[in-house]
Amino acid sequence: MSERRRTPRPTRRYPWLRPGGANRADAAPRPAPAPPGPPRDEQRTAADGTPREPDERSVVDAAVYRDGRRVGTPGTLAATYRRLREETGAMAWIGLYRPSEAELLSLAEEFDLHKLAIEDALEAHQRPKLERYGETLFVVLRAARYLDAPEEVDFGELHVFVGPDFVITVRHGAAPDLSAVRTRMESTPELLALGPEAVLYAILDAAVDGYAPVVAGVQNDIDEIETEVFRGDPEVSRRIYELSREMVEFQRATRPLVGMLHGLMAGFDKYGTDEELQRYLRDVADHVTHTSERVDGFRSALTDILAVNATLVTQQQNAEMRALAEAGFEQNEEVKKISAWAAILFAPTLVGTIYGMNFTHMPELDWVWGYPFAIVLMAVVCVSLYVIFKRRGWL
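Quick look at the structure, then. (Residues numbered from 1 in each chain as written. Predicted model: local features only at pLDDT ≥ 70, side-chain atom pairs only at ≥ 80, totals over all residues. Heavy atoms only, no water.)

## Let's talk about the overall build of the protein chain
Right, so step 1: A tally of helices and strands in the protein chain yields 12 helices and seven strands.
Right, so step 2: Put simply, the protein chain has 395 residues, and 41% of those count as buried.
Right, so step 3: When contacts within the protein chain are restricted to residue pairs at least 6 apart in sequence, long-range pairs at least 24 apart make up 66% of them. (Helix = DSSP H or I, 4+ residues; strand = E, 2+ residues; numbered from the N terminus. Buried < 20%, exposed > 50% of the residue type's maximum accessible area, 1.4 Å probe, protein only. Contact = heavy atoms within 4.5 Å.)

## Overview of the packing of helix α2 (residues 77-86) against helix α3 (residues 101-111)
Helix-helix packing is characterised by the crossing angle of the two axes and by the distance between the axes.
Right, so step 1: α3 packs onto α2 with a crossing angle of 15° between their chain directions and a minimal axis gap of 11 Å. Here α2 lies roughly parallel to α3, going by the angle between them. The way α2 lies across α3 gives a crossing that is right-handed. Touching L77, Y81, L84 and R85 of α2 are E103, S106, L107, E110 and F111, all from α3.
Right, so step 2: Partitioned by chemical class, the residues of the contact of α2 with α3 number five nonpolar, one polar and three charged. (Axes fitted to C-alpha atoms, helices over the stretch in contact; angles between N-to-C directions. Parallel < 35°, antiparallel > 145°, perpendicular 65-115°, else oblique. Left-handed = near helix turned anticlockwise from the far one by under 90°. Nonpolar A, V, L, I, M, F, W, Y, C, P; charged D, E, K, R; others polar.)

## Focus on the packing of aromatic side chains
Right, so step 1: Tallied over the full model, the rule gives eight aromatic pairs.
Right, so step 2: Where W341 meets Y386, the ring centres are 6.0 Å apart and the plane angle is 45°; that geometry is what we call tilted. Taken as a pair, W341 in helix α11 (residues 275-355) and Y386 in helix α12 (residues 370-391) lie far apart in primary sequence, 45 residues in all.
Right, so step 3: Three or more aromatic residues joined by ring pairs form one cluster here, namely Y81, F111 and F166.
Right, so step 4: The ring of W93 carries R182 above its face, with NZ or CZ at 4.3 Å from the centroid. (Phe/Tyr/Trp six-rings, centres within 6.5 Å; stacked < 30°, edge-to-face > 60°. Lys NZ or Arg CZ within 6 Å of the ring centre and 35° of its normal.)

## Description of the nonpolar core
Right, so step 1: In this structure, L141, M185, I203 and F250 are the most contacted members of the largest nonpolar core, which totals 57 residues.
Right, so step 2: When residues in this core are grouped by element, the largest group, 11 residues, is from helix α9 (residues 236-266).
Right, so step 3: Here F250 is in contact with A144, F155, Y211, V214, V215, T291 and V295, once residues within four sequence places are set aside.
Right, so step 4: The next biggest cluster of nonpolar side chains, apart from the first, holds 25 residues, and it includes V64, A92, L113 and L122. (Core = buried A, V, L, I, M, F, W, Y, C linked by side-chain atoms within 4.5 Å.)

## Describing the side chain of K129
Right, so step 1: Mapped onto the secondary structure, K129 falls in strand β4 (residues 129-133).
Right, so step 2: By relative accessible area, which is 10% here, K129 ends up buried.
Right, so step 3: There is a polar contact of 2.7 Å between the side chain of K129 and the side chain of D120.
Right, so step 4: Contact partners of K129, with chain neighbours within four places excluded, come to D120, F138, V139, V140 and M260. (Polar contact = N/O pair within 3.5 Å; in protein donor to acceptor, adjacent residues only side chain to side chain.)

## As for the pairing of strand β6 (residues 152-162)
Right, so step 1: Among the 11 residues that make up β6, nine are buried, leaving the element largely enclosed by the rest of the structure.
Right, so step 2: Note: strand β5 (residues 136-147) against β6, 11 bridges, orientation antiparallel. Residue pairing across strands places L141 opposite L158, the latter belonging to β6.
Right, so step 3: Where β5 hands over to β6, the hairpin turn is made up of four residues, of which E151 adopts a positive phi near 55°.
Right, so step 4: When β6 meets strand β7 (residues 166-172), the two strands line up antiparallel, connected through six bridges. Among the inter-strand pairings, L158 is bridged to a residue of β7, identified as R171.
Right, so step 5: Hairpin connection from β6 to β7: three residues lie between these consecutive antiparallel strands. (Pairing = 2+ DSSP bridges.)

## Considering a nonpolar patch on the surface
Right, so step 1: A grouping of F346, L350, I354, Y355, M357, F359 and L365 is seen on the molecular surface, where their side chains present a nonpolar patch of about 660 Å² in accessible area.
Right, so step 2: On the secondary structure map, F359 appears in the loop between α11 and α12. (Patch = residues over 30% accessible without salt bridge, like charges linked within 9 Å, V, L, I, M, F, W, Y side chains within 5 Å. Areas by Shrake-Rupley, 256 points an atom, 1.4 Å probe, with all protein chains shown as cover. Salt bridge = Lys/Arg side-chain N within 4 Å of Asp/Glu carboxyl O.)

## Description of the side chain of T169
Right, so step 1: Checked against the element boundaries, T169 lands in strand β7.
Right, so step 2: For T169, a relative accessible area of 1% puts it in the buried group.
Right, so step 3: For T169, the residues in contact, after removing those within four places along its chain, are W93, I94, G95, L96, L158, H159, V160, L178 and I203.

Rendered as structure tokens:
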């Protein structure tokens, strides 16, 4: 992107924006736009001449650079606009964290940002993408960081507007740490002097470098999961599922970056990108490709681990069912033995019980051979039952 001297732009209105970023065709009509007037920062004054600015608590840092060195640190957006107009060949780098609609409208009017890009920055929750609106690039990144304590991946969203003489970052999350990016660029003024595209490179590089600890953490989690799977941990299935969901999000964050960086590289000649910066961007593209391949490998590995875990769980269930069946079989054998002996002992018990009633008129009581006959009868019945049960395998 070639540098150019900024000239004050007339005030613009954005009737297409509604609170919360919603656009309704049936909404009440707005007043007609005001005619062109003085710059924004000159209009925002109260009746007593006191400057009237939007709530700028989300402005993390705003600076103006020339030849790779900071020449001003304005306190407000309006002051940043003024300082940028005053400096020939300068560049503004404005960092915002979850800005309000008023702040984005202010930036849109000053830097002529496209309405669709502003709507995306308001609503957030966008997929990674790179779009060009005239001389302005709009980039959406999904940064990630690994949280050791809960062993999970935290994703943040970053929107970057890159123009001929400005860079605007809109952060919707804790990652990435753009203060470190700014410190790095300010410590290498020869790189920062290459302009807004150099800042874009540094932001891309920081986001991609932030993936490395995530990859390492996920690799460690997968190693632990493999150990838990073969150890038979009952909670491992839940952990596999949760990590698989995080890998889906990680894949959505990294895979589009490959196409985005190839798109940037395709425009090197057309937009006159510095050769040294081209090398840096190619290096970032290589890192993104490597990370994307690792994430794809993680998803495949988790799928395989889940299949192995399901197989092991099935085998364990089958072993438990077999053990229950064997226990039931042994129990049935014991019941058979007990039942057989109970039947054998029932015969003499029955005979003894009958003759133990001692009724007066029982013919066998006066029979000389009555006792031997009863004994022989009980023995014959017991031996017969024993033989029968033995042949059937009950004894």
